[in-house]
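# Observations on the three-dimensional arrangement
Now for the letters of each chain:
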Amino acid sequence: MSTLITNIAELMTQDAEHRVLNDAAVVIEGERISWIGPAAAAPAADDAVDAGGRALLPGWVDSHTHLIFAGDRTAEFEARMAGESYSAGGIAVTTGATRSTTDFDLTRLALGRVAEAVSQGTTYLETKTGYGLDLENEARSARIASTVADEVTYLGAHLVPAGADADEYTDLVCGPMLAAARPYVSWADVFCEQGAFNEAQSRRVLQACKDAGLGLRVHGNQLGEGAGVQLAVEFGAASVDHVNYLSAADIEALAASWAGWQGTGVRGTVATCLPACDLSTRQPLAPGRDLLDAGVPIALASNCNPGTSYTSSMAFCVTTAVLQMRLSVHEAVRAATYGGALALRREVGNDADGERAVGSVAVGHRADLHLLNAPSATHLAYRPGIPLTHAVWRAGVRAR
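Description of the structure in this document. Since the structure is predicted, the reported quantities are computational estimates derived from the model, not experimental observations.

## Describing the overall build of the chain
Helix and strand content of the chain: 16 helices and 15 strands. For the chain, the C-alpha radius of gyration of 20 Å lies close to 21 Å, the compact-globule estimate for 400 residues. For the chain, the C-alpha atoms occupy an extent of roughly 65 × 45 × 45 Å along the three principal directions. By residue count, 58% of the 400 residues in the chain fall in the buried class. Here the analysis covers contacts within the chain between residues at least 6 apart in sequence; of these, 71% occur between residues at least 24 apart. Accessible surface for the chain amounts to roughly 14,600 Å². Of this, 52% is attributable to carbon and sulfur atoms. Taken together, the 29 basic and 45 acidic charged side chains of the chain have centroids lying 3 Å from each other.

Below is the structure:
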């Protein structure tokens with residue numbers, strides 16, 4: 001079954017050439033994109049969709065979420081808005097609620113959050129464990145996550161549970177808990193931050209997870225300068241996320257990780273910015289402009305979670321990046337599509353290898369498309385807060 005989407009006013013491909021096509025068309029065949037070009041030259045297809053002069057983007061790639069949870073942290077949010085500072089300890093509130101919720105209800109809640117994200121244009125997303133924080137519940141969270149998300153990350157090292165010895169808990173994270181979660185995950189993460197895991201503990205977690213064959217990610221430099229960025233680069237992590245407080249040496253290390261990558265194909269560490277979280281925690285916005293100017297690829301992600309960023313709106317993140325982080329619309333959209341795919345190592349792949357790329361519109365890539373109810377992507381920032389998603393295709397299937 002093939003579908004022609006025609007009368008596209010602006011097609012922002014986010015492909016290798018950064019092409020923006022006007023008066024364009026796209027053909028979907030099965031789950032793949034089979035043709036892109038001028039609307040006047042479009043081939044016939046089994047079905048046709050008139051885009052009505054709207055803009056078409058790749059679907060959002062949300063590379064950082066925490067969807068497996070129960071409970072509510074409204075009181076914490078209200079206290080923070082009244083002037084209390086954010087600390088990592090609030091995670092414990094969610095842990096208690098999550099542990100006491102059934103598998104059925106945790107799955108139902110997570111599926112609802114995924115559906116909410118898809119309805120706003122997200123077509124590929126990652127989610128993490130991290131609200132179980134014991135062997136049984138981390139393994140359970142990983143198993144449930146594997147049924148609802150495209151990519152699953154093991155985050156047993158989210159917080160040291162109350163009353164536990166930090167080093168003994170790190171032993172658990174690096175040993176039996178990792179083994180229990182391993183069948184369901186492809187990534188591992190650690191919250192390297194004051195109030196969570198120190199440099200030595202974070203290093204142990206990263207080494208154990210690397211030895212287990214997992215790709216690596218790091219929560220780092222959210223509440224102050226620290227070891228997170230340097231560890232991420234040292235271990236070849238795919239991304240380091242939050243990055244609110246960066247020294248010149250941190251930015252230099254991230255930039256150096258990308259030196260010569262287009263010639264070698266060896267990717268460096270993406271800096272993932274989480275602007276919705278920054279606003280909620282009243283932290284300085286991540287220096288996305290400085291990172292891009294230094295040659296560091298960035299991603300934008302929602303960080304959807306109950307404590308510090310209870311939103312799945314990638315459009316909100318894009319809008320914030322343009323209005324407050326000094327990114328252009330094209331840069332912000334690229335960070336929320338191709339950048340997220342790069343942070344998940346899913347930006348490449350085509351018909352030849354069967355692992356179709358996401359985050360860009362190109363022949364052979366997965367047909368993840370987001371049609372805006374606007375003539376250009378600029379309207380995402382020009383009309384902040386207006387819901388602009390008109391239609392969504394996820395792996396070639398119309399999801400909205």
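Moving on from the model shown.
## Re the environment of Ser312
Here Ser312 shows up in the loop between β12 (298-300) and α13 (314-324). Given a relative accessible area of 3%, Ser312 falls into the buried group. As a C-alpha pair, Ser312 and Ala115 span 197 residues in sequence and 9.9 Å in three-dimensional space. If near-sequence neighbours (up to four positions away) are discounted, Ser312 is found in contact with Glu116, Ala117, Gln120, Thr122, Ser302 and Cys304. A polar contact of 3.1 Å, which involves the side chain of Ser312, links it to the side chain of Gln120.

## With respect to the sheet that holds strand β1 (residues 2-12)
Two pairing modes exist for strands in a sheet, parallel and antiparallel, and in both the strands are linked by backbone hydrogen bonds. Pairing is mixed in the open sheet, where 7 strands are placed in the order β3-β2-β1-β4-β13-β14-β15. Two strands lie at the open edges of the sheet, namely β3 (32-38) and β15 (397-398), each paired on one side alone. Here strand β14 (residues 389-394) pairs with β15 via 2 bridges, running antiparallel. Looking at β15, one finds that Trp393 is bridged to Arg398.

## Observations concerning the pattern of salt bridges
Evaluated as defined, the whole model comprises 20 salt bridges. A salt bridge links Arg32 to Glu29; its shortest N-O distance comes to 4.0 Å. The partner of Asp103 in a salt bridge is Arg140, and the shortest N-O contact between them spans 2.8 Å. Of this pair, Asp103 sits in helix α3 (residues 103-119) while Arg140 sits in helix α4 (residues 135-148), and the two are 37 residues apart along the sequence. Since its relative accessible area comes to 30%, Asp103 is described here as partly exposed.

## Observations concerning the pairing of β3
Here strand β2 (residues 20-29) pairs with β3 via 6 bridges, running antiparallel. In the sheet register, Ala25 faces β3, and the bridge partner there is Gly37. Where β2 hands over to β3, the hairpin turn is made up of 2 residues, of which Gly30 adopts a positive phi near 65 degrees.

Rules behind the numbers
- Residues take numbers from 1 onward in each chain, read along the sequence in its written order.
- Where local features are concerned, this predicted model is filtered to residues with pLDDT of at least 70; where side-chain atom pairs are given and counted, the filter is 80 or more; whole-chain, interface and lining totals use all residues.
- Water and hydrogen atoms play no part in the side-chain values, which are based on all heavy atoms of the structure.
- What counts as a helix is a DSSP run of H or I of at least four residues, what counts as a strand is a run of E of at least two, and both are numbered from the N terminus.
- Taken over C-alpha atoms, the radius of gyration is set against a globule rule of 2.2 Å times the number of residues to the power 0.38.
- For each residue, the accessible area found with a 1.4 Å probe, counting protein chains only, is set against the maximum for its type, and the residue is called buried under 20%, exposed over 50%, and partly exposed in between.
- When checking whether two residues touch, look at their non-hydrogen atoms; a contact exists if any pair is within 4.5 Å.
- Working definition of accessibility: Shrake-Rupley area with a 1.4 Å probe, residue cover restricted to the visible protein chains.
- The charge count treats Lys and Arg as positive and Asp and Glu as negative. His and the chain ends do not count.
- Note on charges: their place is set at NZ of Lys, CZ of Arg, CG of Asp or CD of Glu.
- Here a polar contact is taken to be a pair of N or O atoms separated by no more than 3.5 Å, where protein atoms must pair a possible hydrogen donor with a possible acceptor and residues adjacent in sequence count only if both atoms sit in side chains.
- Between any two strands, pairing holds if DSSP finds at least two bridges.
- For salt bridges, the criterion is a side-chain nitrogen of Lys or Arg within 4 Å of an Asp or Glu carboxyl oxygen.

None of the figures reported here should be taken as evidence of function without further support.
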